[in-house]
Amino acid sequence: DTGVSQDPRHKITKRGQNVTFRCDPISEHNRLYWYRQTLGQGPEFLTYFQNEAQLEKSRLLSDRFSAERPKGSFSTLEIQRTEQGDSAMYLCASSPGTGNQPQHFGDGTRLSIL
Amino acid sequence: GDSVTQMEGPVTLSEEAFLTINCTYTATGYPSLFWYVQYPGEGLQLLLKATKADDKGSNKGFEATYRKETTSFHLEKGSVQVSDSAVYFCALSDWGSASKIIFGSGTRLSIRP
């Protein structure tokens, strides 16, 4: 069990640029979640996948955000035309998706918009 | 919708003091309740959980009891250590851990030697 891995750990970009983050869940975890955490707040749910199917999206996920999990393994989260308000920590979590198993979180990708 | 309200911080205590961090929730169904912890420079870790009313979750000396009548899940520890300094998040999910998690805003705890 190598844990949930996220890449990159930090991303600094200029406003208006596109960014993409990657998440590798724990192997054999078929559920994968994305959350966003701003300074001084708890994480907020963005979206989740059951295998390759995206089952729920939060209203927080504007049209500029898109997430994929093409083969049911790793996932990517893309933000197009970044804005200052997108600056946050983006967290990925995974779980087996059966029974009462907890979600395991990665260390996150911190996005800073200049 | 479902929500979690927890005690605002920061909370500063001396080593060996008794800790309580209050948490209340609002949910339409019968949620599972969690405490997550975020140590400095580290990711979120599950500290403890409870899945039904009157369940007590416990781990590393921390305890919390699922109180349906008061919709509360307060975190307690009898004697805190410097190493307990972290941010603590109360959270819920609607049906077990497979659903999305709704977090409170977090309570920063600092322990003085």
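The preceding data block contains the structure.
Rules and cut-offs
- Residues numbered from 1 in each chain as written.
- Chains lettered and ligands numbered in written order.
- Predicted model: local features only at pLDDT ≥ 70, side-chain atom pairs only at ≥ 80, totals over all residues.
- Heavy atoms only, no water.
- Helix = DSSP H or I, 4+ residues; strand = E, 2+ residues; numbered from the N terminus.
- Buried < 20%, exposed > 50% of the residue type's maximum accessible area, 1.4 Å probe, protein only.
- Disulfide = S-S within 2.5 Å.

Enquirer: How should I be thinking about the environment of Gly 9 of chain B in this particular structure?
Expert: Residue and element names in this part refer to chain B. As for its placement among the helices and strands, Gly 9 is situated in the loop between β1 (3-6) and β2 (11-14). Assessed through its relative accessible area of 37%, Gly 9 is described here as partly exposed. C-alpha separation for the pair Gly 9 and Leu 109, spaced 100 residues apart in sequence, amounts to 7.2 Å.

Enquirer: Help me understand the state of the cysteines, please; the structure alone is not making it clear to me.
Expert: Here a disulfide denotes one covalent bond, and it connects the sulfur atoms of two cysteines. According to the stated counting rule, one finds two disulfides over all chains in the structure shown. Note on cysteine connectivity: Cys 23 of chain A is disulfide-linked to Cys 92 of chain A, with sulfurs 1.9 Å apart. On the S-S bond that ties Cys 23 of chain A to Cys 92 of chain A, the torsion sits near -70 degrees, and the link is left-handed. With a gap of 69 residues between them, Cys 23 of chain A in strand β3 (residues 19-24) and Cys 92 of chain A in strand β9 (residues 88-95) connect regions that are remote in the sequence. A single burial state applies to Cys 23 of chain A and to Cys 92 of chain A, both of which are buried. A sulfur-sulfur distance of 1.9 Å marks the disulfide that ties Cys 23 of chain B to Cys 90 of chain B. Its torsion about the S-S bond being -70 degrees, the disulfide of Cys 23 of chain B and Cys 90 of chain B is classed as left-handed. Here the residue Cys 23 of chain B occupies a position in strand β4 (residues 23-26), and Cys 90 of chain B occupies one in strand β10 (residues 86-93), the gap between them amounting to 67 residues. With relative accessibility at 1%, the residue Cys 23 of chain B sits in the buried group.

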